[in-house]
Each structure stands twice: as C-alpha cells, then as structure tokens.
Amino acid sequence: MTTRIVRPALVLLGVLSVITGLIYPLCVTGVAQLLSARAAAGSLIDRGGAPVASRLIGQNFTRAEYFWGRPSATTPFPYNADASGGSNLGPLNPALLEAVRARIAALRAADPGNEAPVPVDLVAASGSGLDPEVSVAAIQYQIPRVARARNMSPEALRRVAARHVDGRLAGFLGEPRVNVVELNLALDAAVPAAH
C-alpha cells in the first residue's frame, strides 16, 4: 500500500522538479537572451575590457566630485543586491523622519552655500534600495558641489549631465531621469577626479 502511494509521488516530484527547476528556467533565460541580451546579462558597463558596474544597480558615491544617488536602505552596506528592499518605515515613523533630517543635514554640510530645496529622491530610499537613477532636479541640485570639486564650470557640467538624461518611458510614462553610475563614469572619462 505504501509503495503504491510513495512511488507515484516520487515520480511526480522528479518530473515537476525537472520541469520547474530546469526546463522552465532555461526557456525563460533563452527568451530573455533573444529579446534583450544586454539586460539578461545584467546590463554590465565595461571600461578597459572589464566590467565596472551594472546599469541596473546604484553605487555608493560619497566623494564631493561625484553625483550622489538615492540613499540605499540595504544592509550591511549600501546597494547590497543580496538584501534588496526598502526600509519599510511608514511615513509617520519617527525613525524615517530622523533619517531624512540626517540626510538633508549631510547634503547641506557637503554644499553649505546651496540654499535650493533638496529634491526628495536625494533623501528617500527607493523600494528596492538599489535604484541607480535620480531625477533631473537631484542632478541640478548637486551641480555646484561637483563643479567646484572637479574645477569645472557649472555650465560645462550641465552640458555633460544633459547628455545623460533618459526621457519618459514610451514618451509619456514616468519622469525624465539620470543614471548616476553612468554619469559619474562619463565625468571620470572627461575630467578625471582627483584621488
């Protein structure tokens, strides 16, 4: 009696394991490679023949000569893809308010003369904690600091930044945005940062 129940169950387990664990993932990967090989491979950015970043994952830029991205809520370090997720703090949570205040203070301390309103995406983490993009307003806010640190004119820096603005998806969805990783790599290629 036990053999009549266990044997079909084991066969079914084996068949479903092969279908869901091998055949289905291979089919999905194959379709993804056909439709968008670059995205399926992680949208890696190469410099000098070696991958230096992914277009899909932000990096923790903290030096004055770089544009800074959205804060990352991942632990134990920022932009940790293994711990993707937001802080899960609600809008009325005092810990969220304190974190935002600290981020605003850090931005003001990094650029004391900048009295412009701080764009929200520079003080609020994204849902994934990995977002590599910020708004055009967030880039404009940082131009004075980055221009001083790189000995560039703000106008020249604005021209470089403008070349990295991605428009709305399909022309009408979302807002224009800038990939911070790509912009910083382009700046390093044009005007190397002092290390």
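Structural data are supplied above this passage.
Numbering of residues starts from 1 in each chain and follows the order in which that chain's sequence is written. Per-residue local features are limited, in this predicted model, to residues with pLDDT of at least 70; the limit for side-chain atom pairs, both in listing and counting, is 80 or more; totals at the level of whole chains, interfaces and linings are taken over all residues. Excluding hydrogens and water, the side-chain figures rest on all heavy atoms present in the structure.

I would appreciate a short explanation of the overall build of the chain in the present structure.
Counting secondary structure elements, the chain contains 6 helices and 5 strands. A run of H or I in DSSP becomes a helix once it reaches four residues, and a run of E becomes a strand once it reaches two; helices and strands are each numbered from the N terminus. Listed N to C, the secondary structure of the chain is α-α-β-β-α-β-α-α-β-β-α in terms of helices and strands. Radius of gyration here is computed from C-alpha atoms only, and the compact-globule reference equals 2.2 Å multiplied by the residue count raised to the power 0.38. In terms of overall size, the chain is more extended than a compact globule, its C-alpha atoms giving a radius of gyration of 22 Å where 195 residues would be expected to give roughly 16 Å. Overall size of the chain, expressed as C-alpha extent along the three principal axes, is 80 × 45 × 40 Å. Categorising residues by exposure relies on relative accessible area from a 1.4 Å probe, with only protein chains included: less than 20% of the type maximum marks a residue as buried, more than 50% marks it as exposed, and the intermediate range marks it as partly exposed. Out of the 195 residues belonging to the chain, those deemed buried represent 29%. A fraction of 57% describes how many contacts in the chain between residues 6 or more apart in sequence connect residues 24 or more apart. Contacts were defined at the residue level, with two residues in contact if any of their heavy atoms lie within 4.5 Å.

Help me understand the pairing of strand S1 (residues 44-47) in this model?
If a strand is regular, its side chains alternate between the two faces of the sheet. A pair of strands is treated as paired once DSSP finds two or more bridges between them. The sheet contact formed by S1 and strand S2 (residues 50-54) spans 4 bridges and is antiparallel. Paired with Ile-45 across the two strands is Ala-53, which belongs to S2.

Before we go on, may I ask you to explain the sheet that holds strand S4 (residues 165-166) in this structure?
Strand pairing in a sheet relies on backbone hydrogen bonds, with the paired strands running either antiparallel or parallel. In spatial order, the strands read S3-S5-S4; together these 3 strands make up an open sheet with antiparallel pairing. Each of the sheet's edge strands pairs with one partner strand only, and the pair in question is strand S3 (133-135) and S4. Where S4 meets strand S5 (residues 177-179), 2 bridges bridge the pair, whose relative direction is antiparallel. Among the inter-strand pairings, Val-165 is bridged to a residue of S5, identified as Val-178. Only C-alpha atoms enter the line fits that serve as axes; for helices the fit covers just the stretch in contact. Angles between N-to-C directions range over 0 to 180 degrees. Helix H4 (residues 136-150) rests against S3, S4 and S5 of the sheet, and its axis sits at about 80° to S3.

Which parts of the structure should I look at to understand the nonpolar core?
For soluble globular proteins, the rule of thumb is that nonpolar side chains tend to be buried together. Among the nonpolar cores identified, the biggest contains 28 residues, and Phe-67, Ile-139, Leu-157, Leu-183 and Leu-187 are the most heavily contacted of them. Residue assignment for this core shows that the elements contributing at least two residues are helix H3 (94-110), H4, helix H5 (154-162) and helix H6 (180-190). For this core, the leading source of residues is H4, giving 6 residues. Here Leu-157 is in contact with Phe-67, Ile-143, Val-146, Ala-147, Met-152 and Leu-187, once residues within four sequence places are set aside. We call a set of buried Ala, Val, Leu, Ile, Met, Phe, Trp, Tyr and Cys residues a nonpolar core when their side-chain atoms join them within 4.5 Å.

Just to check I follow, could you spell out the side chain of Thr-74 for this structure?
The residue Thr-74 is located in the loop between S2 and H3 in this model. Judged by its relative accessible area of 5%, Thr-74 falls in the buried class. Discounting residues that sit within four places of it in the chain, Thr-74 has contacts with Tyr-79, Asn-80, Ala-83, Ser-84, Gly-85, Ser-128, Gly-129 and Leu-130.

Sorry if this is basic, but what is going on with the packing of aromatic side chains here?
The geometry of an aromatic ring pair is captured by two quantities: the separation of the ring centres and the angle between the planes. Pairing of aromatic rings covers Phe, Tyr and Trp, the last counted by its six-membered ring, and requires centre-to-centre distances within 6.5 Å; plane angles under 30 degrees mean stacked, over 60 mean edge-to-face, and any other angle means tilted. Taken as a whole and assessed by the stated rule, the structure comprises 1 aromatic pair. Only when the NZ of Lys or the CZ of Arg is both within 6 Å of the ring centre and within 35 degrees of the ring normal is a charge said to sit over the ring. Directly above the aromatic system of Trp-68 lies the positively charged group of Arg-145, at a separation of 3.8 Å from the ring centroid. Directly above the aromatic system of Tyr-66 lies the positively charged group of Arg-150, at a separation of 5.1 Å from the ring centroid.

Is there a simple way to think about H6 in this case?
Two residues of an α-helix separated by three or four positions point the same way, owing to the 3.6 residues in each turn. All buried positions along H6 are accounted for by Val-180, Val-181, Leu-183, Asn-184, Leu-185, Ala-186 and Leu-187. The secondary structure elements touched by the buried residues of H6 are S1, S2, S3, H4, H5 and S5. Distance and chemistry together define a polar contact, namely a pair of N or O atoms within 3.5 Å, with one atom able to donate a hydrogen and the other to accept it when in protein, and with adjacent residues in sequence counting only for side-chain atoms on both sides. Measuring from the backbone nitrogen of Val-181 back to the side-chain oxygen at the start of H6 gives 3.1 Å, which picks out Asn-179 as the cap.

What is the right way to look at the side chain of Glu-133 in this model?
Secondary-structure assignment places Glu-133 in strand S3. Among the residues examined, Glu-133 registers a relative accessible area of 19% and is labelled buried. Here Arg-177 takes part through its side chain, which lies 3.4 Å from a polar atom of the side chain of Glu-133. When neighbours within four sequence positions are excluded, Glu-133 is seen to be in contact with Arg-55, Arg-70, Asp-166, Arg-177, Val-178 and Asn-179.

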